[in-house]
Amino acid sequence: MNPWLIAALSSGVLFVCVGLASMASNFIDFTTSARLGASTLLAFEWVIFAVAAMGLLSTARASQRQSRQGAGLVSVLAPPSVLTFAIIGALGSHFSAAATLWPELWGIASGNAKTASVSLSPDGSRLTVSGEIRFGLTARIRSELDKAPSIRVLELRSPGGYAQEGLTLAYHLLSRDVDTLVTDYCASACVTVYAAGRRRFLGPSGRISLHSAQRQNESMPRTLDERHAAVLRSQGVQEWLIAGEMNTPFEDIWSPGLLTLQASGLVTDLLPSWTR
């Protein structure tokens with residue numbers, strides 16, 4: 001088979017696979033089936049590797065056959081070289097973004113993902129979440145709320161995590177008669193969850209920090225930010241606080257003071273022990 005044809009076919013299939021993997025990452029619902037979603041994305045990555053390796057090997061073998069038939073050096077080396085550059089172009093940006101997620105995807109798929117701890121108070125009225133908001137947390141919280149209808153407060157101690165999971169958990173809390181509480185630290189995606197509480201308590205040592213969602217570049221749509229803002233608006237949070245959060249880059253953090261949090265409506269109640 002002609003090495004140029006193999007190189008062209010391999011490049012086309014490779015770009016299609018990369019595109020499908022990117023689409024799958026946007027459409028797979030990790031919140032309801034995190035393990036299946038992670039396994040599916042890992043399968044896409046293996047297919048991409050296999051297509052690249054098989055295409056390069058097949059092109060090299062076809063070029064080698066042409067060399068034995070007396071083809072010139074340029075004709076022999078050009079197809080594998082062109083395919084190599086196509087592979088670098090197709091996989092460079094994809095793998096630079098995906099590589100950081102591979103360990104976590106493997107952890108989710110194998111059932112060994114690092115997730116926030118969830119604990120129930122002795123009297124069964126308070127559920128505490130400590131740690132990062134990762135895929136699968138909503139399912140755990142839903143299960144705990146179903147098993148213990150006596151839960152009235154969800155306490156949050158989290159630096160944030162995945163915005164998509166935070167939104168899904170927030171949507172679930174909006175359908176429940178549950179208050180939220182921060183006695184320590186709540187930032188980023190944790191604030192989305194906190195805002196979904198019927199009443200939103202803040203303790204004396206509690207601190208709430210805000211920023212906009214992460215995007216690969218400025219041209220990407222702010223869909224997650226818009227969905228987060230919609231949750232805050234539905235809970236009566238003032239527009240000026242939402243604007244301040246949206247204007248805070250992901251790399252920065254904004255920790256409004258108590259009076260600002262109360263005036264905005266994000267914090268509705270203080271714990272009785274508040275002394276400041």
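Here's a quick rundown of the structure. (Residues numbered from 1 in each chain as written. Predicted model: local features only at pLDDT ≥ 70, side-chain atom pairs only at ≥ 80, totals over all residues. Heavy atoms only, no water.)

**Points about the overall build of the protein chain**
And step 1. Helices and strands together make up the secondary structure of the protein chain, namely 10 helices and eight strands.
And step 2. Counting all 276 residues of the protein chain, 44% fall into the buried class.
And step 3. Sequence separation of 24 or more characterises 69% of the internal contacts of the protein chain that already satisfy a separation of 6 or more.
And step 4. Working note: accessible area of the protein chain is about 14100 Å², and carbon and sulfur atoms make up 60% of it. (Helix = DSSP H or I, 4+ residues; strand = E, 2+ residues; numbered from the N terminus. Buried < 20%, exposed > 50% of the residue type's maximum accessible area, 1.4 Å probe, protein only. Contact = heavy atoms within 4.5 Å. Areas by Shrake-Rupley, 256 points an atom, 1.4 Å probe, with all protein chains shown as cover.)

**So, the packing of helix α5 (residues 137-147) against helix α6 (residues 163-174)**
And step 1. With their axes 9 Å apart at the nearest point, α5 and α6 run at an angle of 20° to one another. With respect to their mutual orientation, α5 and α6 come out roughly parallel. The element α5 and its partner α6 pack so that their crossing is right-handed. Of α6, the residues touching α5 (which contributes L137, T138, I141, R142 and L145) are E165, T168, L169, H172 and L173.
And step 2. Its residues placed into classes, the contact of α5 with α6 shows five nonpolar, three polar and two charged. (Axes fitted to C-alpha atoms, helices over the stretch in contact; angles between N-to-C directions. Parallel < 35°, antiparallel > 145°, perpendicular 65-115°, else oblique. Left-handed = near helix turned anticlockwise from the far one by under 90°. Nonpolar A, V, L, I, M, F, W, Y, C, P; charged D, E, K, R; others polar.)

**A word on unusual backbone geometry**
What you tend to see is this: most non-glycine residues have negative phi, and most peptide bonds are trans.
And step 1. Even without glycine at this site, S188 takes up a positive phi of about 55°.
And step 2. Within the secondary structure layout, S188 lies in the loop between β5 (185-187) and α7 (189-195).

**Quick notes on the environment of R199**
And step 1. Structurally, R199 is set in the loop between α7 and β6 (200-202).
And step 2. Taking the relative accessible area as the measure of exposure, R199 reaches 34% and is therefore partly exposed.
And step 3. Along the sequence, R199 and V178 sit 21 residues apart, while their C-alpha atoms lie 7.7 Å from each other.
And step 4. Ignoring sequence-local partners within four residues, the contact set of R199 consists of D179, T180, T268 and D269.
And step 5. Polar side-chain contacts of R199 include one of 2.8 Å to the side chain of D269. (Polar contact = N/O pair within 3.5 Å; in protein donor to acceptor, adjacent residues only side chain to side chain.)

**With respect to the pairing of strand β2 (residues 126-130)**
And step 1. Taken together, the four bridges between strand β1 (residues 117-120) and β2 define a ladder with antiparallel strand orientation. When the bridges of β2 are listed, V118 appears paired with V129.
And step 2. The loop that links β1 with its antiparallel partner β2 comprises five residues; one of these, G124, has a positive phi angle of about 75°.
And step 3. Sheet topology places β2 next to strand β3 (residues 153-157); five bridges connect them, and they run parallel. Note that in β3 the partner of V129 across the bridge is L156.
And step 4. A crossover links β2 with its parallel partner β3, the connecting element being α5, and its sense is right-handed. (Pairing = 2+ DSSP bridges. Right-handed = clockwise from strand over helix to strand, strands pointing away.)

**Side note on the state of the cysteines**
And step 1. Inspection of every chain in the model, using the stated rule, returns one disulfide.
And step 2. Between C186 and C190 runs a disulfide, and the two sulfur atoms are separated by 2.2 Å. Residues C186 and C190 are joined by a disulfide whose S-S torsion is about -115°; by sign, that bridge is left-handed. Here the two residues C186 and C190 agree in accessibility, since each one is buried. (Disulfide = S-S within 2.5 Å.)

**A word on the pattern of salt bridges**
And step 1. For the structure on display, the rule yields nine salt bridges.
And step 2. Among the salt bridges present, the one from E155 reaches R157, with a minimum N-O distance of 2.9 Å.
And step 3. We classify R157 as partly exposed; its relative accessible area is 36%.
And step 4. In this structure, R199 engages D269 in a salt bridge whose closest nitrogen and oxygen atoms are separated by 2.8 Å. Taken as a pair, R199 in the loop between α7 and β6 and D269 in strand β8 (residues 269-270) lie far apart in primary sequence, 70 residues in all. (Salt bridge = Lys/Arg side-chain N within 4 Å of Asp/Glu carboxyl O.)

**Some remarks on the packing of α6 against helix α8 (residues 223-234)**
And step 1. The N-to-C vectors of α6 and α8 enclose an angle of 25°; their axes lie 10 Å apart at closest approach. Relative to α8, the element α6 is oriented roughly parallel. Of the two elements, α6 crosses α8, and the hand of that crossing is left-handed. On α8, the residues that touch A163, Q164, L167, A170, Y171 and L174 of α6 are L224, R227, H228, V231 and S234.
And step 2. Here the contact of α6 with α8 is built from residues that sort into seven nonpolar, three polar and one charged.

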